[in-house]
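Each chain, letter by letter, is given below.
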Amino acid sequence: MFAGVESYNYKQGIIQTMKKAAWVVLYSLWGLFLILAGVEKFGDVAAAGSGTWSVLALSVSGIFQLLAAIVALCWAVLGIGSLKEKYLPYRFINHYTVPVLIISLALIGSIARSSSDEARAQNLGFKNGSELAAARQNNITNSAEYAKFVNDKQLHEARIAAEKEQQARAEEAKCMDDALCYASKHESGNYVCQVAVEKSAKYQFKWTDGVLEPKFSSYNWYNKDKKLVTLYGNRAQAQNGFGAFKNIQYSCTFNANTGEVLNVSMQ
């Protein structure tokens, strides 16, 4: 009995140790990330377009990011051993309230950063902070240069779209010469024709195709203008009136635009 209790306590101890290790690693990484974010904010103080308000807002952003980092790192340290129980035994400071505090501080920092970006964007002639952020991603700080960049990008995308459309039209026109090609890009008809052929048998019916063999061996236009295609095949047997199975040839005409079966024949 005592051995079972000791084993249970040992397992619980291992679980608690793993939880604390995960706690320390998670909050340490979170804190380091927030430190880098805070330092990055202070690094932008002297960036182009900075004014009194943008510098103030950016400083507030950096301070709150660093405060969030300090809270995260302190909470990570308290996760080592029994430090939390010894130095911070308050119940209201726990794994629910601390993340909320960290997120709140980081959120205030993010809001301040957005306010700074809006002020800088106005000073530099951009429409808003989002446009300034997009320009910075492309190493652009001049609004006129960014407008040219956007225009060139739109022209490039429009040219690519036009080329793709032209290529699609050329492929579609080429595909019109081949019933199989056209049907494969619209309604192939294989399944609906398979079902239609099976249902058209007067008596018993069975397929004789192999695992890798198609039930229909060829396609052909029945009416190209109306997009009617006929499938042909001979990999099946049908029972006659005397009960004997014999090999048959079959065909199925369908609308390649709608998948509607128009006619089935067997012989």
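For the structure, see preceding data.
Axis separation between helix 2 (residues 52–78) and helix 4 (residues 97–124) bottoms out at 8 Å; the angle between their running directions is 160 degrees. Classified by the angle between their axes, helix 2 and helix 4 sit roughly antiparallel to one another. Both helix 2 and helix 4 take part in a crossing whose hand is left-handed.

The next point concerns the packing of aromatic side chains. Here the structure, examined in full by the defined rule, presents 9 aromatic pairs. Judged by centre distance (5.4 Å) and plane angle (85 degrees), the ring pair of Trp207 and Tyr250 falls under edge-to-face. You can see Trp207 sitting in strand 1 (residues 205–207) and its partner Tyr250 sitting in strand 6 (residues 250–255), a full 43 residues away along the chain. Residue Tyr250 is classed as buried on the basis of its relative accessible area, which comes to 3%. Relative to Tyr250, the ring of Phe216 has its centre 5.6 Å away and its plane inclined at 85 degrees; by these criteria the two rings are edge-to-face. Of the two residues, Phe216 is situated in the loop between strand 1 and strand 2 (218–223) and Tyr250 in strand 6; the sequence distance between them amounts to 34 residues. Like Tyr250, Phe216 is buried. A connected cluster of aromatic rings, assembled from ring pairs, spans Phe205, Trp207, Phe216 and Tyr250.

The subject of this paragraph is unusual backbone geometry. Residues other than glycine seldom take positive phi values, yet Asn139 does so here, at roughly 60 degrees. On the secondary structure map, Asn139 appears in the loop between helix 5 (129–137) and helix 6 (143–175). Take Asn139: its relative accessible area is 72%, and that puts it in the exposed class. Located in the positive-phi region is Lys227, a residue other than glycine, with phi close to 60 degrees.

Here the focus is the nonpolar core. Ranked by internal contacts, the top residues of the largest apolar core, which has 21 residues, are Phe205, Phe216, Tyr219, Val229, Tyr250 and Phe254. Counting residues per element, the ones that place at least two in this core are helix 7 (179–185), helix 8 (190–200), strand 1, strand 2, strand 3 (228–233), strand 4 (236–239) and strand 6. In this structure Tyr219 touches Ala179, Leu180, Ala183, Ser188, Asn190, Val229, Thr230, Leu231 and Phe254, once residues within four positions along its chain are discounted. Listed in part, the 14 residues of the second largest apolar core include Leu34, Trp75, Ala76 and Ala106.

Parameters at a glance
Residues numbered from 1 in each chain as written. Predicted model: local features only at pLDDT ≥ 70, side-chain atom pairs only at ≥ 80, totals over all residues. Heavy atoms only, no water. Axes fitted to C-alpha atoms, helices over the stretch in contact; angles between N-to-C directions. Helix = DSSP H or I, 4+ residues; strand = E, 2+ residues; numbered from the N terminus. Parallel < 35°, antiparallel > 145°, perpendicular 65-115°, else oblique. Left-handed = near helix turned anticlockwise from the far one by under 90°. Phe/Tyr/Trp six-rings, centres within 6.5 Å; stacked < 30°, edge-to-face > 60°. Buried < 20%, exposed > 50% of the residue type's maximum accessible area, 1.4 Å probe, protein only. Core = buried A, V, L, I, M, F, W, Y, C linked by side-chain atoms within 4.5 Å. Contact = heavy atoms within 4.5 Å.

Honestly, it's all geometry; don't read function into it.
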